[in-house]
There are 2 protein chains.
Amino acid sequence: MFEAIELGQTLSKADFKAQEQQLRAQLLKIQRDLIESRVATLIIVAGVEGAGKGEVVDRFNKWFDNRGMETHAFWDETQEELERPQYWRFWRRLPSRGSIAVMFGGWYWDPIHQRAAGNIDDAELDDAMQHIRELERMLTADGMLIIKLWFHLSPTAHEKRMKKRRGMTRHVPHVGNGLSPKEYTAFLIAAERSLRHTDTGGCPWHMIESDNRRFRDISAGRVIGKLMTERLTETHVVERLSEAHEPEVLSISDQQKTILDKVDLDAALSREDYHELLTRYQAQVNELSWKAYDAKRSTVMVFEGWDAAGKGGSIRRLTNAIDARLFRVISVAAPTDEELAHHYLWRFWRQFPRAGYMALYDRSWYGRVLVERVEKFAEQHAWMAAYREINDFEEQLSQHGTILMKFWLHISPDMQLQRFREREKTPWKKHKITEEDWRNRNKWDDYRRSVNDMVLHTSTGNCPWTLVSANDKYNARIEVLKTVCEQLKHALD
Amino acid sequence: MFEAIELGQTLSKADFKAQEQQLRAQLLKIQRDLIESRVATLIIVAGVEGAGKGEVVDRFNKWFDNRGMETHAFWDETQEELERPQYWRFWRRLPSRGSIAVMFGGWYWDPIHQRAAGNIDDAELDDAMQHIRELERMLTADGMLIIKLWFHLSPTAHEKRMKKRRGMTRHVPHVGNGLSPKEYTAFLIAAERSLRHTDTGGCPWHMIESDNRRFRDISAGRVIGKLMTERLTETHVVERLSEAHEPEVLSISDQQKTILDKVDLDAALSREDYHELLTRYQAQVNELSWKAYDAKRSTVMVFEGWDAAGKGGSIRRLTNAIDARLFRVISVAAPTDEELAHHYLWRFWRQFPRAGYMALYDRSWYGRVLVERVEKFAEQHAWMAAYREINDFEEQLSQHGTILMKFWLHISPDMQLQRFREREKTPWKKHKITEEDWRNRNKWDDYRRSVNDMVLHTSTGNCPWTLVSANDKYNARIEVLKTVCEQLKHALD
């Protein structure tokens, strides 16, 4: 694969100067257009040691207006990053619409090096690449332009640079002093495999011959300029991409009966039983939340359900049992403008709890396949893709050791009507019932179908949904508490 | 001071139940009103060990809708926090308008304990309290409701609780096992001194007798309810406060001659000299930026100046010399809605560089006393107060060891006109010149006066302004580079 670009191409000083000037004016102009079109650009700079990735990025910073551009290296992981799933560090640095981010190595660095060092095998590398492919597809479909550059050196040039580096006294931290020939070969094999697996139509790799510095920089700049221009002119590129990559989803049920019909809505608890069980499970939750803290395991709980199903009450019974320092309730309302400038999952990533802490989401990322689907805020290909995106997202949490629970609080339409009427009569609950609730109620069937599909697609072995019978409030609260106890116990044992 | 609340007040179980119910309905209603009025509320829960601060906060979480409320403890400092000035951890957790934040100990915990342990003396404690008073005044003037609760125990009750705690097996991390009588006395003395210094009219302390748990919780709830109601009804409270606390600023100059007239606008460099000096200083900056990285010293540079004074060009000459992984250029544009929901300094705090890294602000917090003053976006008492606020803010950076530099790029009105005309003629610079620039130009005198006052008030020994002679672009760039070299050298030696 790599031999194909060992062509010995060079560029004279004079040619470089002339071409750089032209390129620079072009790139600056494109950057302004990208801002206007609100396109987020991510440039991943990867390649072999000694190819001069640092020099190239310094050059980008010179060419572009660096007020709209940020550079990120991941050499210096913080404790806060280590306490979250691996990809948190990338999500928090993704460019917002209209800006450019340059990442050294990006998400490729770690798996390629782990494979080269023999810490993971081919299957694990492939698995990592599969995740990356999915992530890049998702971000591209969201309108991001991802430019992946691989800087390659011929074996002789590589040996020469390494020799020089070993003799250098100037301090540049986190730059290796050269791999042994055997390690270097292992690195190239791992790199080739990774590149092959992630060289997709929507997000291909671009190889840059780097033996000659001037040729390298101009080539890289040209590739960037070309891809940016394409992105700006082909206005339909995003749509086409999303369609082309549309996931094969299981057929969507149109039957009358859905999974929700399996929930026994008659389940109920007496007042006495409720209070006894409440006390018992709250004590357990308290104990277990400290245990999770000690074990440095994070917990994420998702609460979804019909309007007036009692999400708030169930959350409160749970949080009353937990030390206030350990949890955070995240109420998902309209996104801020900063959140709107990113992929829809970005705002959930940024709120992730640290090791040992808990986050309770009152509504969640499932809005994408519920309200956004029913209200047609998201197009069909977008919400259909979301099932896979969400599964992938949740799998990352599980792999990191996050304890994830998902609750759907189910009630009957009659019960909802009854509660709406009660709320309207209670002065201090009146504000909880709005026009929108009545409108949503009229779309009961659409929602029912969406919930069914959601459970069908996202109730996985790792992260199953718990359907809670909530016509009886006591029953709902205890079911939630009991499930939390069981799942925490299971995870912590 | 504390004896005054050792009154032995209690509350029966039945009374508590009745009062709790009423209080809870009241607090929930107030919370909704606070959201509607977009009032940020900060509750600081402090007091003696064993007074049950954790229990009280759990109670608040039960009473309020915890979807609009967050609790923060500072027991578990992260590396990211330790790498920033001390107050960064508080700023990042300040409540946004409409929400409630509860802080355990808040900014009081550390200084009181440091003083009790004898690590700092009275003068240093007083200095810390002076900073706190200023911070609270500033946040209050911005509309925040700060409720400070001190939970006190009588000596006998304290001894009893400590005895019980020593016998406890249940695990609660970061809870002390009781101070020795001598340590406890030292703690009380430090606490009293701190409370006295920060018991201001705008932000007083509220003492809660905590021997009886039920009395304690109801008292705390009542205080909160009362203060929130007051805040909601007295609509002019903010204005009155700001006026009452208006800082005594030095008289604002109205003379024709300002400090800017001292800048020698004839300074110029030949092309040859420029290129020679550029190469020399860029090499130095590169070296020094790595040195700062190794020394884990952060650098913050502020660039202000007339439109078309060449800020962008000077920044670029500087960043071209620095490894792209080490710096970030922050271009200050319109705030996001999340930023608007906080104090105006919040967005600068959140962008703070980690230890060893650099942040270059293209425009900055000085907007408050420049454009916001001239355009009357900020009222007079607000921008006048900003001088002290900014000095205090910058002092915190310096104390943390951040290297801070501030540049004003000065040009003559004629030079500005000439550059505006040039820009209009150059196709790829045209976008840089807008109607607004021409409007600003008409307010030259207002800006000149504002700049003079800004330098007068904020050019302190710690953080002086560098006035750069920028009629000649070469000269401006070299002056900036040279100053950066000098100041980095000075700070790192």
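Residues numbered from 1 in each chain as written. Chains lettered and ligands numbered in written order. Predicted model: local features only at pLDDT ≥ 70, side-chain atom pairs only at ≥ 80, totals over all residues.

A. Seen up close, the overall build of chain A. Secondary structure assignment for chain A yields 20 helices and 10 strands. When its C-alpha atoms are laid out on the principal axes, chain A stretches across 85 × 45 × 40 Å. Among the 493 residues that make up chain A, the fraction classed as buried is 37%. When contacts within chain A are restricted to residue pairs at least 6 apart in sequence, those whose partners lie at least 24 apart make up 84%. (Helix = DSSP H or I, 4+ residues; strand = E, 2+ residues; numbered from the N terminus. Buried ≥ 20, exposed ≤ 12 C-beta atoms within 10 Å, placed from the backbone. Contact = placed C-beta atoms within 7 Å.)

B. Spotlight on the interface of chain A and chain B. Counting residues at the interface gives 34 residues for chain A and 34 residues for chain B. Residue contributions to the side of chain A that touches chain B peak at 5 residues, all from helix α2 (residues 53-63) of chain A. Looking at the side of chain A that touches chain B residue by residue, the classes come out as 9 nonpolar, 12 polar and 13 charged. (Nonpolar A, V, L, I, M, F, W, Y, C, P; charged D, E, K, R; others polar.)

C. Spatial organisation of the packing of helix α6 (residues 122-141) of chain B against helix α8 (residues 181-198) of chain B. Residue and element names in this part refer to chain B. In contact at an axis separation of 9 Å, α6 and α8 are set at 40° when each is read in the N-to-C sense. Crossing of α6 over α8 shows right-handed handedness. Contacts between α6 and α8 pair Asp 122, Leu 125, Asp 126, Met 129, Ile 132 and Arg 133 from the former with Ala 190, Arg 193, Ser 194, His 197 and Thr 198 from the latter. For the contact of α6 with α8, the per-class residue count stands at 4 nonpolar, 3 polar and 4 charged. (Axes fitted to C-alpha atoms, helices over the stretch in contact; angles between N-to-C directions. Left-handed = near helix turned anticlockwise from the far one by under 90°.)

D. Structural context of the relation of the copies chain A and chain B. For the pair chain A and chain B, the best superposition has an RMSD of 0.0 Å and corresponds to a rotation of 180° with a translation of 0.0 Å parallel to the axis. Within this description, the copies of the chain are treated as partners about a two-fold rotation axis. (Least-squares fit on C-alpha atoms with pLDDT ≥ 70 in both.)

E. The arrangement of unusual backbone geometry in detail. All names here are of chain B. The phi dihedral of Lys 296 falls on the positive side, at around 60°, and the residue is not glycine. Turning to its location among the elements, Lys 296 is positioned in the loop between α11 (271-294) and β6 (299-305). Owing to 12 C-beta atoms within 10 Å, Lys 296 belongs among the exposed residues under this scheme. Phi at Ala 308 is positive, roughly 70°, even though this residue is not glycine. Considering the arrangement of structural elements, one finds Ala 308 in the loop between β6 and α12 (311-319). For Ala 308, a count of 23 C-beta atoms within 10 Å corresponds to the buried category.

F. Region of the structure containing the environment of Gln 31 of chain A. Residue and element names in this part refer to chain A. Positionally, Gln 31 belongs in helix α1 (residues 13-36). Taking the C-alpha atoms as reference points, Gln 31 and Gly 313, separated by 282 residues in sequence, lie 50 Å from one another. Those residues in contact with Gln 31 that lie beyond four places of it in its chain are Phe 64, Asp 65 and Gly 68.

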